[in-house]
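Tertiary structure, described
The chain contents come next:
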Amino acid sequence: MDGFCEQVVKRKRKAKDNILAVVYILLSLIIPAVCISLAYVISAYFIYIGFFLLIALVPTALLLINYQKIEYEYSVVDNTLNVDKIIAKRRRKKIVRIRIDEIKEMVKFNEKYTGKKINKYFIAVDDVNDDDVYAFTFYNEARGNLAVVMKPNNTILKGMRPKLNPSIQIQVVKLLRNVQ
């Protein structure tokens, strides 16, 4: 193994995530309360159903809130760039694994990015409008032109630089010099 570099990028909580968390908690409390109040009207067995739902829905709501915590992990191992999505610090989902020497170009990514036709973007950042977000394009025989959108730090760029094409190496060296 020549080198190993790793970076973890956490996704920030947004207003949508907070609203969903409140909805999960409210639903887990309101549904059992409705069942318990129906016990006085329909049947006394609804009290048992309400307590069962309370015991089942509160942990489920907490689990759903926990699943909103998302991180992206970039790792460079020898000639391979691995990008994974980590959900709730429990589940790891592979986004993409590519050989670094197969990367065709590295461009600054924003909403107005107009490169050649890209069939699929693998987005592994919190906000694509940040300044330090780059798209690494590569070709796959099955899918065509693809791009990985990520926000690499200096250690990831230094780990990738020796294996990149010479034209991209120049971009990375200029980028590293500007940052330092």
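Shown above is the structure to which this text applies.
A few points on the structure. (Residues numbered from 1 in each chain as written. Predicted model: local features only at pLDDT ≥ 70, side-chain atom pairs only at ≥ 80, totals over all residues. Heavy atoms only, no water.)

**With respect to helix α2 (residues 45–66)**
- Compared with an ideal rise of 1.5 Å per residue, which puts 22 residues at 32 Å, α2 spans 32 Å between its outermost C-alpha atoms and is within 8% of the ideal.
- Of all the residues in α2, the buried ones are G50, A61, I65 and N66.
- Elements in contact with the buried residues of α2: α1 (15–38). (Helix = DSSP H or I, 4+ residues; strand = E, 2+ residues; numbered from the N terminus. Expected span 1.5 Å × (residues − 1). Buried < 20%, exposed > 50% of the residue type's maximum accessible area, 1.4 Å probe, protein only. Contact = heavy atoms within 4.5 Å.)

**Remarks on the packing of aromatic side chains**
- For the coordinates displayed, the defined rule picks out two aromatic pairs.
- A ring pair is formed by Y45 and Y48, whose centres lie 6.3 Å apart and whose planes are at 40 degrees; its orientation type is tilted. In this pair, Y45 and Y48 both sit in helix α2, three residues apart, roughly one turn of the helix. An identical accessibility class is assigned to Y45 and Y48; each is exposed. (Phe/Tyr/Trp six-rings, centres within 6.5 Å; stacked < 30°, edge-to-face > 60°.)

**Details of the layout of surface pockets**
- By volume, the largest pocket amounts to about 220 Å³.
- Along its surface, the largest pocket is lined by 18 residues, and Q7, D132, K151, P152 and N153 are the ones closest to its centre.
- Put simply, the parts of the chain that give the lining of the largest pocket at least two residues each are β1 (4–10), α3 (154–160) and α4 (166–179).
- Of the residues that constitute the lining of the largest pocket, the class distribution is seven nonpolar, three polar and eight charged. (1 Å grid on protein atoms, 1.4 Å probe; cavity = no way out; pocket = protein on both sides within 12 Å on 5 of 7 lines; lining within 4 Å. Points joined across faces, edges and corners; volume = space filled by probe spheres on them. Nonpolar A, V, L, I, M, F, W, Y, C, P; charged D, E, K, R; others polar.)

**A look at the sheet that holds strand β5 (residues 103–108)**
- Taken in spatial order, the four strands line up as β5-β7-β8-β6 in an open sheet, and their pairing is mixed. The open sheet has two edge strands with one neighbour each: β5 and β6 (120–123). When the angles between neighbouring strand axes are averaged without regard to direction, this sheet yields 25 degrees.
- In terms of strand pairing, strand β7 (residues 134–140) meets strand β8 (residues 144–150) through seven bridges, oriented antiparallel. By the bridge assignment for β8, N140 is matched with G144. (Pairing = 2+ DSSP bridges. Axes fitted to C-alpha atoms, helices over the stretch in contact; angles between N-to-C directions.)

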